[in-house]
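Overview (structure and organization)
As a plain string of letters, each chain reads:
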Amino acid sequence: MKPTNATLYSGLLTVLLACLCLPATAGNLRERLAQRRAAAGLDAVDTTPATIPPGVRVLRDVPYGGDPAQRMDVYLPAQGATHAPVIFMVHGGGWARGDKTMRSVVQNKVARWVPRGFVLISTNYRMLPGTRPIEQARDVARALAVAQGRAAGWGADRDRFILMGHSAGAHLVGLLAAEPALAYDRGALPWLGTVSLDSAALNVVAIMQGPHLPLYDAAFGDDPAYWRAASPLQQLKTRGVPFLAVCSTRRQASCPQARNFATKANGLHMRAQVLGEDLTHREINEQLGQPGDYTAQVETFLATLDPVVARRLNGRR
């Protein structure tokens, strides 16, 4: 049957509309991909260096090992510190990138806490592809041990360290919190508490057994035994120091994993709590230290760790 003019017109119109919709479809796809990357934390690395406020001095690239990546920066009050508590910060970046000097890692934290009599240490560690996450955690432990050993010379207190990490760094400090022998075997001393800033890798086994992004394959490989060994949830077997898991409520995996970790920890009589924040993965890191409810809630947790920490947070020496 020969098509009518109306049928031909209708077909041409359908094709034309489809062509006109292609840019929008492509735009929607790009938007979905961008949202997925943001949810996974892949857009979290900002290489902009921090601006250090007046009244703070920095000791750059203090070594804790022979590799160029095994370096840390120490932020000190310009007028000197005395028995200062230490916030020991570990950057993120998918276990493959990032740096201790990044603005989102240190700027607001230094501006908030160093003038109040804290020392802040930001450490690098060897990364993928040459160094996998468990050995990265050992690097963090080596840095912690060296920092504790040198603390008195910086006016800091070796017995008042607080571990803090963001993203991949949150996984690394979470692993040390769950299995502190990893740190003690490298010479580290016990620390006061741990703050995990938006890790979505507290349960590595569950990640690897389900749909996941390629970055997790690069980090954790295909060996279930390695997944268990690198997973904070699976390595959490005994009571440890207090633990705060900050998580972005905008991500699917972060808060559920944080709650599962806290539930298991509390069952072991380890004090663990979850702080959900309506912030992006990057903002969880970047905005900590800015005045507001988020920083205040983190500081409420920090104040419970030690009376000296509480006094410094309140502006009293």
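Residues numbered from 1 in each chain as written. Predicted model: local features only at pLDDT ≥ 70, side-chain atom pairs only at ≥ 80, totals over all residues. Heavy atoms only, no water.

**Overview of the environment of Pro-85**
Here is the rule we go by: In this description a helix means any DSSP run of H or I spanning at least four residues, a strand means any run of E spanning at least two, and both kinds are numbered starting from the N terminus. Any residue under 20% of the maximum accessible area for its type is buried, any over 50% is exposed, and the rest in between are partly exposed; the area is computed with a 1.4 Å probe on protein chains only. Residues are treated as being in contact if the distance between any of their heavy atoms lies within 4.5 Å.
Position of Pro-85 among the secondary structure elements: in strand E3 (residues 84–90). By relative accessible area, Pro-85 is classed as buried at 0%. Remark: the alpha-carbon pair of Pro-85 and Gly-155, spanning 70 residues in sequence, is separated by 9.3 Å. Residues within four places of Pro-85 in sequence aside, it is in contact with Gly-117, Phe-118, Val-119, Arg-160, Val-308, Val-309 and Arg-312.

**Considerations on the state of the cysteines**
Rule in force here: Here, a disulfide means two cysteine sulfur atoms that sit within 2.5 Å of each other.
Tallying each qualifying case throughout the model produces one disulfide. Across a sulfur-sulfur distance of 2.1 Å, Cys-247 and Cys-255 are joined as a disulfide pair. Residues Cys-247 and Cys-255 share a disulfide whose torsion about the S-S bond is about 95°; that sign makes it right-handed. Just as Cys-247 is buried, Cys-255 falls in that class too.

**Focus on the pattern of salt bridges**
Inclusion rule: Whenever a carboxyl oxygen of Asp or Glu lies within 4 Å of a side-chain nitrogen of Lys or Arg, that contact is scored as a salt bridge.
Counted by the stated rule, this structure contains 16 salt bridges. The partner of Glu-286 in a salt bridge is Arg-103, and the shortest N-O contact between them spans 2.9 Å. Remark: Arg-103 occurs in helix H2 (residues 103–113) and Glu-286 occurs in helix H11 (residues 281–286); sequence separation between them is 183 residues. Owing to a relative accessible area of 16%, Glu-286 belongs among the buried residues under this scheme. Ionic pairing is found between Asp-278 and Arg-250, a salt bridge with its closest N-O pair at 2.9 Å. You can see Asp-278 sitting in the loop between strand E8 (272–277) and H11 and its partner Arg-250 sitting in the loop between strand E7 (243–248) and helix H10 (254–267), a full 28 residues away along the chain.

**Overview of unusual backbone geometry**
Glycine aside, negative phi is the norm for most residues, and most peptide bonds take the trans geometry. Residue Pro-129 follows Leu-128 across a cis peptide bond; omega there is 5°. Its place among the elements puts Pro-129 in the loop between strand E4 (119–123) and helix H3 (133–150). Despite not being glycine, Ser-167 has its phi angle at roughly 60°, a positive value. When you line up the elements, Ser-167 lands in the loop between strand E5 (156–166) and helix H4 (168–178).

**So, the nonpolar core**
We apply this condition: Nonpolar core, defined: a set of buried Ala, Val, Leu, Ile, Met, Phe, Trp, Tyr and Cys residues in which side-chain atoms within 4.5 Å join the residues together.
Counting residues in each nonpolar core, the largest one holds 51 residues, and the members touching the most others are Phe-88, Trp-95, Ile-121 and Phe-220. The biggest single contributor to this core is H3, with eight residues. Once you skip the residues sitting within four places of it in the chain, Trp-95 turns out to touch Met-127, Leu-128, Pro-133, Gln-136, Ala-168, His-171, Leu-172, Ala-201, Leu-215, Tyr-216, Ala-219 and Phe-220. The next biggest cluster of nonpolar side chains, apart from the first, holds 31 residues, and it includes Met-89, Leu-192, Tyr-294 and Val-298.

In short, geometric facts, not functional conclusions.
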